Amino acid sequence: RVGGITLYPFIIIRPEYNNKVTIHHEKIHIEQQKELLVVFFYFLYVYYWLKGKIKGLTNGDAYMSIPFEKEAYENERNFSYLETRKKQSWKNYIN
């Protein structure tokens, strides 16, 4: 179940998921989207999800294989992450 989504520049979060971890996770996506001029983020997001599906992954596993999600999940509890994050850091999460 989706708890939140970022549609630049907006973050939309279900009330039951409205907490600082979810908000921080989505703020990481804001930075990723800005770096990729928004449209390229969405293009790559779908590309990496489809790549996972072609490999035979479940929807959930394909989602978790997306580099943008890997970066956001790994750093969602590190509330100082955005202060030190280098641009294009999501590339470090490409398999």
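These notes cover the structure that comes with them. By convention here, each chain's residues receive numbers from 1 onward along its written sequence. Predicted model: local features are reported for residues with pLDDT of at least 70 only, side-chain atom pairs are reported and counted for 80 or more only, and whole-chain, interface and lining totals are derived from all residues. Each side-chain value is derived from all of the structure's non-hydrogen atoms; neither hydrogens nor water enter the calculation.

## Quick word on the packing of helix H2 (residues 39-54) against helix H4 (residues 67-75)
Packed helices, taken two at a time, are described by the angle between their axes plus the distance between the axes. In this analysis an axis means a line fitted to C-alpha atoms, helices contributing only their contacting stretch, and an angle means the value between N-to-C directions, from 0 to 180 degrees. Helix numbers and strand numbers start at the N terminus; a helix is a DSSP run of H or I with at least 4 residues, a strand a run of E with at least 2. Running from amino to carboxyl end, H2 crosses H4 at an angle of 95 degrees, the nearest separation of the two axes being 8 Å. It follows that H2 is roughly perpendicular to H4 by the angle criterion. Contact residues: H2 offers Phe41, Leu44, Tyr45 and Tyr48, while H4 offers Pro67, Phe68 and Glu69. Our angle categories are set so that under 35 degrees counts as roughly parallel, over 145 as roughly antiparallel, 65 to 115 as roughly perpendicular, and the remainder as oblique. Here, residues are in contact when the closest pair of their heavy atoms is within 4.5 Å.

## Points about the nonpolar core
If you look at the biggest cluster of nonpolar residues, it comprises seven residues: Leu36, Phe41, Leu44, Tyr48, Ile66, Phe68 and Trp90. Looking at this core element by element, the count peaks at three residues for H2. Ignoring any residue separated from it by four or fewer positions in sequence, one finds Tyr48 in contact with Ser65, Ile66, Pro67, Trp90 and Ile94. By convention a nonpolar core is built from buried Ala, Val, Leu, Ile, Met, Phe, Trp, Tyr and Cys residues, the set being connected through side-chain atoms within 4.5 Å. With a 1.4 Å probe rolled over the protein chains alone, any residue whose accessible area is under 20% of its type maximum counts as buried; one over 50% counts as exposed, and the rest are partly exposed.

## Some words on the side chain of His24
With respect to the element layout, His24 can be found in helix H1 (residues 20-35). Take His24: its relative accessible area is 5%, and that puts it in the buried class. Filtering out sequence-adjacent residues up to four positions away, His24 remains in contact with Asn75, Glu76, Asn78, Phe79, Tyr81 and Leu82.

Just distances and angles here, no functional claims.
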